[in-house]
Amino acid sequence: MNRFDFTPYRRSTVGFDRLFDLLENNARAQQSENYPPFNIERSGEDHYRITLAVAGFKDNEIEITAQQNLLLVAGNKGSDENEGKQFLHMGIANRNFERRFELADFVRVDNAILSDGLLSIDLVREIPDAMKPQKIEINAGDNVTKIDHKPKNSKEKAA
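Let us look at the structure shown here. Just so we're clear, the structure is a prediction, and the values are computed from it rather than from any experiment.

### Thoughts on the pattern of salt bridges
- One pass over the structure, following the stated rule, counts seven salt bridges.
- Here Asp 122 makes a salt bridge to Arg 49, at a shortest N to O gap of 2.6 Å. Note that Asp 122 is positioned in strand S7 (residues 118-125) and Arg 49 in strand S2 (residues 47-53), a separation of 73 residues in sequence.
- A relative accessible area of 14% places Asp 122 in the buried class.
- The salt bridge partner of Glu 126 is Arg 108, with a shortest N-O separation of 2.9 Å. A residue pair is termed long-range when its members are at least 10 positions apart, and Glu 126 in the loop between S7 and helix H3 (154-158) and Arg 108 in strand S6 (residues 107-115) qualify at 18 residues.
- When its relative accessible area of 35% is taken as the criterion, Arg 108 is described as partly exposed.
- Sharing partners across several salt bridges, the network here consists of Arg 108, Asp 110 and Glu 126.

This is the structure in structure tokens:
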């Protein structure tokens, strides 16, 4: 049995519903889908690469779509490519596919390269400055400056 039960965690946590849903949906998708095979590697602190084995696909047969928190890679082969051929054995998977990757916040696609039957997609996590931790200086008690929150003239009141 490869199914995880997150019910005990759901009862004792607040705000993690999306995370548990992602884990459960990903587990279901992985059981039914294993084509094309892929690797995910971390090449730096905020740099990642997804490599898919897409042998037999040309660059115009692969579509990469990046949405908020989702990367979709789809391959569509022409149906007429194998017409008129008589196969004694067909072991090379040449079927259409669709792979979905859930992305964390602030992760964007940087580059995609198709070479030697491998599609490499580079991802970068760019956290906005407003979301980064900021160090706050502490002023000494004798250096306290009083802040006046009242507008100085009537023009500032209107703005």
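### Thoughts on the sheet that holds S6
- Strand order in the open sheet formed by four strands is S1-S2-S7-S6, with antiparallel pairing between adjacent strands. Lying at the two open borders of the sheet, with one neighbouring strand each, are strand S1 (38-44) and S6. Within the sheet, the average angular offset between the axes of one strand and its neighbour, ignoring direction, is 20 degrees.
- In this sheet, S7 lies alongside S6 in antiparallel orientation, the contact comprising eight bridges. Counted as the bridge partner of Ser 115 is Leu 118 from S7.

### As for the sheet that holds strand S5 (residues 97-102)
- In spatial order, the strands read S3-S4-S5; together these three strands make up an open sheet with antiparallel pairing. Edge positions in the sheet fall to strand S3 (62-67) and S5, since each has one partner strand and no second. Strand-to-strand twist in this sheet, taken as the mean axis angle between neighbours without regard to direction, amounts to 10 degrees.
- In this sheet, S5 lies alongside strand S4 (residues 70-75) in antiparallel orientation, the contact comprising six bridges. Within the sheet, the bridge partner assigned to Gly 75 lies in S5 and is Phe 97.

### A short note on the environment of His 47
- Looking at the secondary structure, you find His 47 in strand S2.
- Among the residues examined, His 47 registers a relative accessible area of 41% and is labelled partly exposed.
- Each C-alpha atom, one on His 47 and one on Arg 108, is 10.0 Å from the other, the two residues being 61 residues apart in sequence.
- For His 47, the contacting residues outside a window of four places in its chain are Glu 41, Arg 42, Leu 123 and Val 124.

### Considerations on the nonpolar core
- The biggest cluster of nonpolar side chains holds 15 residues, and the ones touching the most others in it are Leu 52, Val 54, Leu 71, Val 73, Leu 119, Ile 121 and Leu 123.
- Going through the elements one at a time, S2, S4, S5 and S7 are the ones with two or more residues in this core.
- In terms of residue count, S7 provides more of this core than any other element does, three residues in total.
- Once you skip the residues sitting within four places of it in the chain, Ile 121 turns out to touch Tyr 48, Arg 49, Ile 50, Leu 52, Ile 64, Leu 71, Val 73, Val 109, Asn 111 and Ala 112.

### Regarding unusual backbone geometry
- Residue Pro 36 is reached from Tyr 35 by a cis peptide bond, and omega for that bond is -5 degrees.
- Inspection of the secondary structure puts Pro 36 in the loop between helix H2 (17-32) and S1.
- A positive phi is found at Asn 69, a non-glycine position, where the angle reads about 65 degrees.
- Relative to the helices and strands, Asn 69 is located in the loop between S3 and S4.
- Of the residues examined, Asn 69 reaches a relative accessible area of 13% and is grouped as buried.

The rules we used
- Residues numbered from 1 in each chain as written.
- Predicted model: local features only at pLDDT ≥ 70, side-chain atom pairs only at ≥ 80, totals over all residues.
- Heavy atoms only, no water.
- Salt bridge = Lys/Arg side-chain N within 4 Å of Asp/Glu carboxyl O.
- Helix = DSSP H or I, 4+ residues; strand = E, 2+ residues; numbered from the N terminus.
- Buried < 20%, exposed > 50% of the residue type's maximum accessible area, 1.4 Å probe, protein only.
- Pairing = 2+ DSSP bridges.
- Axes fitted to C-alpha atoms, helices over the stretch in contact; angles between N-to-C directions.
- Contact = heavy atoms within 4.5 Å.
- Core = buried A, V, L, I, M, F, W, Y, C linked by side-chain atoms within 4.5 Å.

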